[in-house]
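Observations on the model geometry
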Amino acid sequence: MTLAVLSQLREPQYGYSLVQLLEMSGITIDQSTLYPLLRRLEKQELLTSSWDTTESRPRKYYVLSDYGKTVFDALKAEWEKTSSELALLLKGAEKDGTN
Amino acid sequence: MEQINLYIHEVTRRLPEKLRTDIEMELQSTILDMMPDDYTASDVDAALTKLGNPAKLADQYREQPNYLIGPLLFDSYMTILKMAVSIAILVHVIVLTIQQITLFPANTYFIENGIELVINLIGGSVEVLSQVFLWVTIIFVIIERVTDDGAKKSMQSKPWTPNDLKHIVPVEKKKRIAKSEVFFALFWVIIWATFYFKASDLIGIYEKATHDKLQFIAPLFNRDVLLTLWPVVGALILFEIGLILYKWVIGKWTYKIAVWNMIYHIALIIVTILFVKQTGLFNVEFIRYTGEVFNVASDTALLNWWNNTVWAFVVLFIIISVIDIFNGFRKAKM
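To keep things clear, this report deals only with the structure shown in the data block. (Residues numbered from 1 in each chain as written. Chains lettered and ligands numbered in written order. Predicted model: local features only at pLDDT ≥ 70, side-chain atom pairs only at ≥ 80, totals over all residues. Heavy atoms only, no water.)

Here we look at the interface of chain A and chain B
Stated formally: By definition in these notes, contact holds between two residues if any of their heavy atoms fall within 4.5 Å. Note on definitions: buried area is the accessible-area loss of two parts on being combined, 1.4 Å probe, summed for both. Definition used for salt bridges: Asp or Glu carboxyl oxygen within 4 Å of a side-chain nitrogen of Lys or Arg. Under this definition, polar contacts are N or O atom pairs within 3.5 Å; protein pairs additionally need one hydrogen-donor-capable and one acceptor-capable atom, and for neighbouring residues in sequence, both atoms have to be side-chain atoms. Per the convention used, a helix needs a DSSP run of H or I reaching at least four residues, while a strand needs a run of E reaching at least two, with both numbered from the N terminus. Three classes are used, and their members are as follows: Ala, Val, Leu, Ile, Met, Phe, Trp, Tyr, Cys and Pro are nonpolar, Asp, Glu, Lys and Arg are charged, and the others, Gly among them, are polar.
With 18 residues of chain A at the interface, the matching set in chain B holds 17 residues. Taken together, both faces of the contact between chain A and chain B bury some 1800 Å²; the carbon and sulfur share is 51%. At the boundary of chain A and chain B, one finds four salt bridges. Across the pair arginine 39 of chain A and glutamate 26 of chain B runs a salt bridge, and its minimum N-O distance is 3.5 Å. Between chain A and chain B we count seven residue pairs in polar contact (both at pLDDT 80 or more) in total. Where the side of chain A that touches chain B is concerned, the elements lending two or more residues are α2 (15-24), α3 (31-43) and β3 (59-64) of chain A. Examining the composition of the side of chain A that touches chain B, we find that eight residues originate from one element, α3 of chain A, more than from any other. Across the side of chain A that touches chain B, the residue classes tally to seven nonpolar, three polar and eight charged.

A look at empty space enclosed by the protein
Here the idea is plain: a probe the size of a water molecule rolls over the atoms and shows the empty space left. Put simply, the test is: Points on a 1 Å grid, built from protein atoms alone, make a cavity when a 1.4 Å probe fits but cannot get out and make a pocket when they are open with protein on both sides within 12 Å along at least 5 of 7 lines; residues with an atom within 4 Å of a point are the lining residues. Grid points are joined across faces, edges and corners, and a volume is the space filled by probe spheres set on the points.
Within this structure, the stated rule accounts for one cavity of 30 Å³ or more. By volume, the largest cavity is sized at about 50 Å³. Tyr14, Gly15, Tyr16, Lys60 and Tyr62 of chain A together with Glu26, Ser29, Thr30 and Asp33 of chain B are the residues that line the largest cavity. Examining the composition of the lining of the largest cavity, we find that four residues originate from one element, helix α2 (residues 17-34) of chain B, more than from any other. Partitioning the lining of the largest cavity into residue classes produces three nonpolar, three polar and three charged.

Structural notes on the pattern of salt bridges
Operational definition: Partly exposed residues are those whose accessible area sits between 20% and 50% of the maximum for their type, while under 20% is buried and over 50% is exposed, using a 1.4 Å probe and protein chains only.
Inspection of the entire model under this criterion finds 10 salt bridges over all chains. Across the pair arginine 39 of chain A and aspartate 22 of chain B runs a salt bridge, and its minimum N-O distance is 2.5 Å. You can see arginine 39 of chain A sitting in helix α3 and its partner aspartate 22 of chain B sitting in helix α2, one on each of two chains. Using a relative accessible area of 11% as the deciding quantity, one classes arginine 39 of chain A as buried. Ionic pairing is found between lysine 60 of chain A and aspartate 22 of chain B, a salt bridge with its closest N-O pair at 2.6 Å.

Some details on the layout of surface pockets
Residues and elements named next belong to chain B. By volume, the largest pocket amounts to about 1600 Å³. Forming the walls of the largest pocket are 42 residues, and the residues nearest its centre are Trp188, Trp192, Leu268, Thr272 and Phe317. Elements that contribute at least two residues to the lining of the largest pocket include exactly α8 (179-202), α10 (230-250), α11 (255-277) and α13 (299-333). Residue contributions to the lining of the largest pocket peak at 10 residues, all from α13. Its residues assigned to classes, the lining of the largest pocket shows 33 nonpolar, four polar and five charged.

Treat this as a map of the structure, not an account of what it does.
Below you can see the structure in the form of structure tokens.
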């Protein structure tokens, strides 16, 4: 979940645009979970936020900080490693099952 | 718009002051984002339903944990709680027992006092338990809230390594000295030590007086003679307490403990014989009274009978000691 959110925040996004982005990729996230999560990530210094008041209504934009980028890359590598290992295992199991 | 503001207020009123304005603004822009520009009441309803129960949303925003003591602290909490409870109960029992014995009023039932002591012990223990539980919990709840995760982790015990196994000495069941055994031994020492110093006021003949009360007629011991040996008895008490604590620390019978146990019993026997051999230890009144009860004819016969009884007790005492010494060695050898 955190990984999904971080992946979409290389470009600044505001709360609802992030929800839409995630939904387009097929990930539904409870909005009552998402907004507090953004706040927590900001507190952990993975994200930085800024208020944009130029538009019709003020919006709070979140974007990955430098530290956040490092953490995201590390998490991504970890995830890819785990999922490829798991995929291999599951493939093996399938083979055993059919034979 | 009215409904939106109400919803936002329902969320923010549950949050700390400093977060409120920011979250208020964020929620407002989010809710408006979720709806078309010319929104209707049903759009508002749909958006708010998506955000869900304001109390739950506020819970998510709140950084404070919604448990009293978190998983990082729970182990230390249980350890400290157990330790505090056992120490508190031990101290409570000792203090109360000494108090009850020394405050033992003359001319009252002995049994009545015993029952009162037991009631006080149980009632007091419950009170002590709840006090300890309350305070330890309060302290940990405060620790949970003022420290960060790093500090909490440092309170946990070090990660386990196979080296830790070296400190654990397997104890066979037969050799083990149970904690309850240690506790009762300690309790027993305190009772007899207190009795010793108060014996002339406590042990003796009681006779039923008026109003179902017991009257203390004749003490068993002469106070002055009894207390002449107090430094020896004091040393013996300290010796025994030391031995009990040593047993507790080691936790099993060893050859060394068996030897110390033997030394203790021998010292105890010597002191007992010293006591009995002292002239005038026993109160003449007491002897006379018992003599009357058992219909002993003359004074010399009475004294003879008394001495025999006392020595019979001493012999019994020695036998019990020998059995205990023997048991100590047997357990150490197993």
